[in-house]
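Structure assessment
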Amino acid sequence: MAEPSASGEPGSLRSHVFLEEAFAVGRGNSAGLLRAVLASFVLLAHHWTLGFGSAHPFGVDIAGAAVAGFFVLSGFLIARSAAHHSAETFLWRRCLRIFPAFWLCLFFTAAVVAPLLWWRTHGGLQDFWTEARPFDYVIDNWALTMGDMGLGDLFVDTPAQIGDVANPSLWTLRYEFLCYLGVLVAANLPAVRRQRWLPAAGCLALYGVIVLDFVTSPDTPGPFLPNRAVEVPLLGRFDLWWLGIYGFMFALGVAAYVYRGAIGINDRLGISASVIAILGGFTVPFFGPLLPVAGYALLWCVVRLPRACRRIGTTRDLSYGIYIYAGLCQQVLAVLGVARFGHLPFLLLTLALTIGAASFSWSMVERPAMRLKDGVAWRLRQPAIEHRPVTT
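Since this is a predicted model, take the numbers as computed values, not measurements.

What follows deals with the overall build of the chain. Within the chain, the regular secondary structure consists of 14 helices and two strands. Across the 392 residues in the chain, those meeting the buried criterion constitute 51%. Contacts spanning at least 24 positions in sequence make up 75% of the contacts within the chain whose residues lie at least 6 apart. Surface accessibility of the chain: about 18100 Å² in total, with carbon and sulfur atoms responsible for 68%.

This is how it looks when you write it as structure tokens:
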């Protein structure tokens, strides 16, 4: 058995290394790598659907599971941001991280991709402005609503047969941003700061609904929240099933931050959770009782992967760009008929185009935007979430 490490570095089997210590200031982690991996999993899962109109062969909703993993990491990191910044600064930073790159993606789709595809399909730009309505595509979706996801008939006849959808991945961004707003509100409520059991209670309540739903109908989402939605001003329509799933995973990350002083990072437990989450996902629907297991496994990986993994994503974080451009690249290649050359050429070309677009987005928009995060005159106020660790 490995010698217990006083520093809690990978290789230690200490059961009393807590999440707070693992995420201490100045200590690296592998969140950047895992975000890129999760974004790539979404790309891989959509490869079969968008490129070839068939289900992927893995037997588990990889794309949905990867997005759920994103929400766990976001919940932890966003809660930490809310704890260290005023409400104004927190919201300013979150908007800088989400919107500039998203707006570039919308503009690029409407102003570059759409006219080129229309020219190829229709032999010119006649009727492009009235039928594809590229201005409406940008204006209708600028606030993450994605209520109008198409551009005329450009993507109707793709193998996926999902209708006129230019970029199938963008719909989850409004769920993410709604979770940001939820943290912003909760972090500035005095009752939440005083009653530190409330985050755990919220997680347990959401998990109870998920488990009860799973027990009642293990093979399909529902019946408690089937095809039900709620309208949120500016952000659009939210499906209650996905809001419950992604909201729970985000809340799980938030709770992990709040109780970081009481959550142990143990290698045996982390490895067991990883194996259970992976193998269990192939035998039972992932979106059920396995969600907390997968959440712990992901946080364990963040702090326990080898030191070399911690450098990835620290200077060039392409994960967001990969996520918002992968679906668009796959749809364009599908329209161009690249799938006829087979799976490997389609996948390699998708990766090349997506990484190229993500690199451009990071260099030209995301990194310059993040330089403005401290460029406002707001001073930090009292932290919204106390830094005192939870005692057991």
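Atomic detail in the predicted coordinates should be set aside for any region of low pLDDT. On average, the chain scores 85 in pLDDT, and the residues at 70 or more come to 87%. Low pLDDT, under 50, characterises residues 1–15; the stretch is placed with 37 contacts to residues that sit more than four places away or in other chains. In this model residues 377–392 is a low-confidence stretch, pLDDT under 50, and it forms 39 contacts with partners more than four residues away in sequence or in other chains.

Side chains on a regular strand alternate between the two faces of the sheet. Taken together, the four bridges between strand β1 (residues 229–232) and strand β2 (residues 236–239) define a ladder with antiparallel strand orientation. What sits directly across from Glu231, in β2, is Arg237. Linking β1 to β2, which pair antiparallel, is a turn of three residues; within it Leu234 sits at a positive phi near 75°.

Topologically, Ser81 is positioned in helix α3 (residues 62–84). The class of Ser81 is buried, set by a relative accessible area of 11%. Within the local environment of Ser81, its side chain forms a polar contact with the side chain of Arg94, the two groups lying 3.4 Å apart. In this view, Ser81 contacts Phe90 and Arg94; residues no more than four positions away in its chain are not counted.

Moving on, we come to the environment of Leu77. Tracing the backbone through its elements, the reader meets Leu77 in helix α3. By relative accessible area, Leu77 is classed as partly exposed at 22%. Each C-alpha atom, one on Leu77 and one on Gly253, is 7.9 Å from the other, the two residues being 176 residues apart in sequence. Apart from residues lying up to four places away in sequence, Leu77 is in contact with Ala31 and Arg35.

Looking now at the pattern of salt bridges. Counted according to the given criterion, the structure contains seven salt bridges. As a salt-bridge pair, Glu366 and Arg97 come within 2.9 Å of each other at their nearest N and O atoms. You can see Glu366 sitting in helix α14 (residues 343–370) and its partner Arg97 sitting in helix α4 (residues 87–122), a full 269 residues away along the chain. What makes Glu366 buried here is its relative accessible area of 2%. Given a relative accessible area of 16%, Arg97 falls into the buried group.

Another aspect to go through is a negative patch on the surface. A surface patch of like charges, here negative, comprises Asp127, Glu131, Asp153 and Asp157. Looking at the element boundaries, Asp127 is found in the loop between α4 and α5 (128–132). Given a relative accessible area of 45%, Asp127 falls into the partly exposed group.

With that settled, the discussion passes to the environment of Ser272. Turning to its location among the elements, Ser272 is positioned in helix α11 (residues 267–281). Sequence-wise, Ser272 and Val293 are 21 residues apart; in three dimensions their C-alpha atoms are separated by 9.2 Å.

Another aspect to go through is a nonpolar patch on the surface. Taken together, the side chains of Trp103, Trp129, Phe135, Ile139 and Trp142 define a hydrophobic patch exposed on the protein surface, amounting to about 630 Å² of accessible area. Structurally, Trp142 is set in the loop between α6 (134–141) and α7 (173–187).

All right, on to helix α9 (residues 198–216) then. Here α9 is 19 residues long and its end C-alpha atoms lie 27 Å apart, about the 27 Å a rise of 1.5 Å per residue gives. The inward-facing, buried residues of α9 contact α10 (240–258) and α12 (291–304).

Here the focus is α10. Counted at 1.5 Å a residue, the expected span for α10 with its 19 residues is 27 Å, and the 25 Å between its end C-alpha atoms agrees. For α10, the buried fraction is high: 15 of the 19 residues fall into the buried class. The N-cap of α10, judged by a side-chain oxygen 2.9 Å from the amide nitrogen of Trp241 a few residues on, is Asp239.

Another point: the packing of aromatic side chains. In the structure shown here, the tally under the stated rule is 20 aromatic pairs. Ring centres 5.3 Å apart and planes at 35° place the aromatic pair Phe99 and Trp103 in the tilted group. A residue pair is termed a helical-turn pair when its members lie 3 or 4 positions apart in one helix, as Phe99 and Trp103 do in helix α4 at four residues. Overall, Phe99 belongs to the buried group, its relative accessible area being 9%. With relative accessibility at 38%, the residue Trp103 sits in the partly exposed group. Centre to centre, the rings of Phe128 and Trp129 are 4.8 Å apart; their planes meet at 70°, and the pair counts as edge-to-face. Given a relative accessible area of 0%, Phe128 falls into the buried group. Lying across the ring of Phe90, Arg94 places its NZ or CZ 5.9 Å from the centre. Above the face of the Phe238 ring, Arg174 is positioned so that its terminal group lies 5.5 Å from the ring centre.

Rules used in this analysis
- Residues numbered from 1 in each chain as written.
- Predicted model: local features only at pLDDT ≥ 70, side-chain atom pairs only at ≥ 80, totals over all residues.
- Heavy atoms only, no water.
- Helix = DSSP H or I, 4+ residues; strand = E, 2+ residues; numbered from the N terminus.
- Buried < 20%, exposed > 50% of the residue type's maximum accessible area, 1.4 Å probe, protein only.
- Contact = heavy atoms within 4.5 Å.
- Areas by Shrake-Rupley, 256 points an atom, 1.4 Å probe, with all protein chains shown as cover.
- pLDDT = per-residue confidence, 0-100.
- Pairing = 2+ DSSP bridges.
- Polar contact = N/O pair within 3.5 Å; in protein donor to acceptor, adjacent residues only side chain to side chain.
- Salt bridge = Lys/Arg side-chain N within 4 Å of Asp/Glu carboxyl O.
- Patch = residues over 30% accessible without salt bridge, like charges linked within 9 Å, V, L, I, M, F, W, Y side chains within 5 Å.
- Lys, Arg positive; Asp, Glu negative; His and termini not counted.
- Charge placed at Lys NZ, Arg CZ, Asp CG, Glu CD.
- Expected span 1.5 Å × (residues − 1).
- Phe/Tyr/Trp six-rings, centres within 6.5 Å; stacked < 30°, edge-to-face > 60°.
- Lys NZ or Arg CZ within 6 Å of the ring centre and 35° of its normal.

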